[in-house]
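What follows is each chain in one-letter form.
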Amino acid sequence: MKQNERAGIMRIVSDIVKADSIIDLREIDYLDGIKDKYRITKDDEAMGDSMTLSDAVCLLKNLSPGLIHDIIGDFYNLALSDNAFSREEGLIVLAILSLIHISEPTRRTPIS
């Protein structure tokens, strides 16, 4: 994973943590796990601070579908980590889901 992609992940997770204006220790613990999982460094965090949310989401679109699903799952679990899925957190996750649409082939059935 490239530095700008790690920075994008960091930008999004920090927005999710800050969304409801309540930073819970369980969120911080889960955030630390995300940083370890994706090997996010202090430099990545600094780069993420200067990135827009839109830029961060656009960077994720270029990742493999499997990795995108893992990252989206981590975003969702981060939002739930404090046992309170706020409207603001939900809106961020929902917006990201709609912007990172992974198209899957549709099955066509023969017309009888």
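What you see is a predicted model, and the numbers here were worked out from it, not measured in a lab.

(A) Highlighting the overall build of the protein chain. Assigned secondary structure in the protein chain consists of 6 helices and 0 strands. Reading the secondary structure of the protein chain in the N-to-C direction produces α-α-α-α-α-α. Every one of the 112 residues in the protein chain was classed for burial, and the buried ones make up 42%. Intrachain contacts of the protein chain at a sequence separation of at least 6 include 81% that bridge at least 24 residues. When the accessible surface of the protein chain is split by element, carbon and sulfur atoms take 54% of a total near 7100 Å².

(B) Region of interest: the side chain of Glu 5. Mapping Glu 5 onto the fold places it in helix α1 (residues 3-18). Summary of buried charges: Glu 5 has no salt-bridge partner, and the nearest side chain of opposite charge, Lys 2, is 4.5 Å away. If we skip the residues at most four places from it in the chain, Glu 5 touches Leu 59, Leu 60 and Leu 63.

(C) Layout of a nonpolar patch on the surface. Together, Tyr 76, Leu 80 and Phe 85 give the surface a local cluster of nonpolar side chains, amounting to about 260 Å² of exposed area. Summarising the element assignment, Phe 85 is placed in the loop between α5 (65-80) and α6 (87-99). Look at Phe 85 and you get partly exposed, because its relative accessible area is 37%.

(D) Just the side chain of Ser 81, in detail. Checked against the element boundaries, Ser 81 lands in the loop between α5 and α6. You can call Ser 81 buried: its relative accessible area is 16%. Side-chain polar atoms of Ser 81 contact the backbone oxygen of Leu 78, separated by 2.7 Å.

What counts, and where the lines are drawn
Residues numbered from 1 in each chain as written. Predicted model: local features only at pLDDT ≥ 70, side-chain atom pairs only at ≥ 80, totals over all residues. Heavy atoms only, no water. Helix = DSSP H or I, 4+ residues; strand = E, 2+ residues; numbered from the N terminus. Buried < 20%, exposed > 50% of the residue type's maximum accessible area, 1.4 Å probe, protein only. Contact = heavy atoms within 4.5 Å. Areas by Shrake-Rupley, 256 points an atom, 1.4 Å probe, with all protein chains shown as cover. Lys, Arg positive; Asp, Glu negative; His and termini not counted. Salt bridge = Lys/Arg side-chain N within 4 Å of Asp/Glu carboxyl O. Patch = residues over 30% accessible without salt bridge, like charges linked within 9 Å, V, L, I, M, F, W, Y side chains within 5 Å. Polar contact = N/O pair within 3.5 Å; in protein donor to acceptor, adjacent residues only side chain to side chain.

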